[in-house]
Amino acid sequence: MAEKPKWVIEKERAKRASAAETVWLFGLHAVRDALENPAREKLRLILTPNAAEKLKDAVAISEMTPEINDPRRFRAPIDAGSVHQGAALEVRPLNWGRLEDVAIGGEGPARLVLLDRVTDPHNVGAILRSAEVFGARAVIGTRHHAAPETGALAKTASGALERQPYLRERNLADTIRALQAMGYLVLGLDGEAEQTLEEALEGKRDRPVALVLGAEGPGLRAKTKDSVDQLVRIDFVGAFGSLNVSNAAAVALYAARPPRP
């Protein structure tokens, strides 16, 4: 029997590792929403007596049996500095399906957020919250050089991680091309761009739109800039203006909102 090629072996190994991966969520909001999410595979729940009382309804929904720990001896394997509020839950990462599953269909013109090497979990968590508030279909990062699901990301997202699709695709340029083939207008946020976001969307708000944001400092990579349909900027009132990436995402989503039906 012929041996499998090396790339096939490595792909299978990566798939097994991904299947075995778990995440520890912490904090009352993040744990409550995960417990109440039927799509989330839940493995182990550690609570203090006080947190168990606050989460009793969510625990009942999950049908889990929590391990009760003394607050002074909280044994969940999370960073000692984590503000866990007496609640920690081990889970498997969510599977939101394929890009086309979230990008196509639904009511009204879709809005997506694409992230180019945004690695800070707190920024991504905040972006997920904004995406949920403003009705984005999904937030999309890359498999490498992007924030994975972590307890810090989930806590910052304050429950949005359970409801807002967060996909991580292999290659951002390929993802942009795939969205363009689906009819998306793909706009890259760049402070040096000539046109504002509102100007670029004039007469095009009925189209599906993907907003691409880069990491603070480096911004969008050259390849990403070459891939988008147009570079746009957020218009500031003063001569100087800057926003961190999570605030920029919130402002851009509001500015790019589709027309009311």
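Given the structure is predicted, the values throughout are model-derived calculations rather than measurements. Residue numbers restart at each chain and count upward from 1, following the sequence in its written direction. Reporting of local features is limited, given that this is a predicted model, to residues whose pLDDT is at least 70; pairs of side-chain atoms are given and counted only at 80 or more, and all residues count toward the totals for whole chains, interfaces and linings. Side-chain metrics rest on all non-hydrogen atoms present in the structure, leaving aside hydrogens and water.

Participant: Can you help me understand unusual backbone geometry in this one?
Facilitator: Note: most residues except glycine have negative phi, and most peptide bonds are trans. Positive phi, normally seen in glycine, also occurs at His145, with a value near 60 degrees. Within the secondary structure, His145 sits in the loop between β6 (138-142) and α7 (151-157). The classification of residues rests on relative accessible area computed with a 1.4 Å probe and restricted to protein chains. Under 20% of the type maximum is buried, over 50% is exposed, and intermediate values are partly exposed. Exposure remark for His145: the relative accessible area of 48% places this residue in the partly exposed category. In the Ramachandran plot, Ser158 falls in the positive-phi region, its phi being about 50 degrees despite a non-glycine side chain. The exposure class assigned to Ser158 is partly exposed, which follows from its relative accessible area of 22%. Put simply, DSSP marks the helices as runs of H or I at least four residues long and the strands as runs of E at least two long, and each gets a number from the N terminus on.

Participant: What's the story with the pattern of salt bridges in this structure? I'm lost.
Facilitator: If charged atoms from side chains of opposite charge come close, those side chains can pair. Definition used for salt bridges: Asp or Glu carboxyl oxygen within 4 Å of a side-chain nitrogen of Lys or Arg. Enumeration over the complete set of coordinates arrives at 15 salt bridges. Linking Asp116 and Arg221 is a salt bridge whose minimum nitrogen-to-oxygen distance equals 2.7 Å. Within this pair, whereas Asp116 is found in strand β5 (residues 111-116), its partner Arg221 is found in the loop between β10 (209-214) and α10 (222-227), the two being separated by 105 residues in sequence. Relative accessible area serves as the criterion here: at 32%, Arg221 is assigned to the partly exposed category.

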